[in-house]
Amino acid sequence: YMNAKVYVRASHFEKYLTNTLMVIIPLVASGATLEELISTLASVERDPYIAREFKLILRDSREGGMDILTALRMSLNRVPSRTYSEVFGLVTETYLISANLADVLMLKLEYLIRNKYNRLRSATQVLSLFMEMYLVVALLLPILLVLIIITISPLGPIYLGPIALNPTLVLLITALVYSPVMGYVMYLLIDATVSSIE
């Protein structure tokens, strides 16, 4: 259960932090302080997991007696997300010493968007392949099998073990057993592919 909770939390940061970064960059470019940045993010962030983390940072800073940088570093240890660690690691390391933090974060945003685009393109190609496989394996193959049985049935009965195959029996087996099973398998494959890019 705990592993599942960690996975769900990490997936929220991995999926939606790109949107958060689009809010961070204008705030940083406008010269907002780090506390103003975190406070704004805590109030405008739509994802509940990410918003809660920003509220925890503010709590550590305002009630826990930490300065905002220390609270943010504590947050890096608390969040099981590589993307979050990279983005806010950049913020903590360069906020006070670099005037180009907005440019650095913009480069990171471009990198994340490019990665998402590449994953989407790969998933689209995989889905296209799955649809072609479905058409051949689940639809065309049963029809071809029935046609073969009809074509060679005048030569004598065809046996599958102790069962004598005739076109009607083959049609029933493919329609009631084979096609639904193959359709379900393809559904699982397609669902897993679509879930991986959300």
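Here the structure is a predicted model, which means the values were calculated and not measured.

Observations regarding the nonpolar core
In this structure, Phe 54, Tyr 84, Phe 88 and Leu 105 are the most contacted members of the largest nonpolar core, which totals 33 residues. For this core, the elements supplying multiple residues, two or more each, are helix H1 (2-29), helix H2 (34-44), helix H3 (48-62), helix H4 (68-78), helix H5 (82-94) and helix H6 (101-152). The element contributing the most residues to this core is H1, with seven residues. Contact partners of Leu 105, with chain neighbours within four places excluded, come to Leu 21, Ile 24, Ile 25, Val 28, Val 87, Leu 90 and Val 91.

A closer look at the pattern of salt bridges
Side chains carrying opposite charge are able to pair once their charged atoms draw close together. Applying the stated criterion across every chain, the model contains seven salt bridges. For Asp 60, the salt bridge goes to Arg 78, with nearest N and O atoms at 3.3 Å. Taken as a pair, Asp 60 in helix H3 and Arg 78 in helix H4 lie far apart in primary sequence, 18 residues in all. Accessibility expressed as a relative area gives 28% for Arg 78, which makes it partly exposed. With a closest N to O distance of 2.7 Å, Glu 86 and Arg 82 form a salt bridge. Linking Glu 86 with Arg 82, this pair stays in helix H5, spanning four residues, or about one helical turn. Under the relative-accessibility criterion, Glu 86 is labelled partly exposed at 27%.

Brief notes about the packing of aromatic side chains
According to the stated counting rule, one finds three aromatic pairs in the structure shown. On the numbers, 5.1 Å between centres and 70° between planes, the contact of Phe 13 with Tyr 84 is edge-to-face. Taken together, the positions of Phe 13 in helix H1 and Tyr 84 in helix H5 put the pair 71 residues apart, joining distant regions of the chain. Judged by its relative accessible area of 0%, Phe 13 falls in the buried class. An aromatic cluster is defined as three or more aromatic residues linked by ring pairs; in this entry it consists of Phe 13, Phe 54, Tyr 84 and Phe 88.

Observations concerning a nonpolar patch on the surface
Taken together, the side chains of Leu 172, Ile 173, Leu 176, Val 177, Val 181, Val 185 and Leu 189 define a hydrophobic patch exposed on the protein surface, amounting to about 600 Å² of accessible area. Relative accessible area serves as the criterion here: at 35%, Leu 189 is assigned to the partly exposed category.

A short note on the environment of Leu 105
Within the secondary structure layout, Leu 105 lies in helix H6. Looking at Leu 105, the relative accessible area reads 0%, which means it is buried. Remark: the alpha-carbon pair of Leu 105 and Met 74, spanning 31 residues in sequence, is separated by 21 Å.

About the criteria used
Residues numbered from 1 in each chain as written. Predicted model: local features only at pLDDT ≥ 70, side-chain atom pairs only at ≥ 80, totals over all residues. Heavy atoms only, no water. Core = buried A, V, L, I, M, F, W, Y, C linked by side-chain atoms within 4.5 Å. Buried < 20%, exposed > 50% of the residue type's maximum accessible area, 1.4 Å probe, protein only. Helix = DSSP H or I, 4+ residues; strand = E, 2+ residues; numbered from the N terminus. Contact = heavy atoms within 4.5 Å. Salt bridge = Lys/Arg side-chain N within 4 Å of Asp/Glu carboxyl O. Phe/Tyr/Trp six-rings, centres within 6.5 Å; stacked < 30°, edge-to-face > 60°. Patch = residues over 30% accessible without salt bridge, like charges linked within 9 Å, V, L, I, M, F, W, Y side chains within 5 Å. Areas by Shrake-Rupley, 256 points an atom, 1.4 Å probe, with all protein chains shown as cover.

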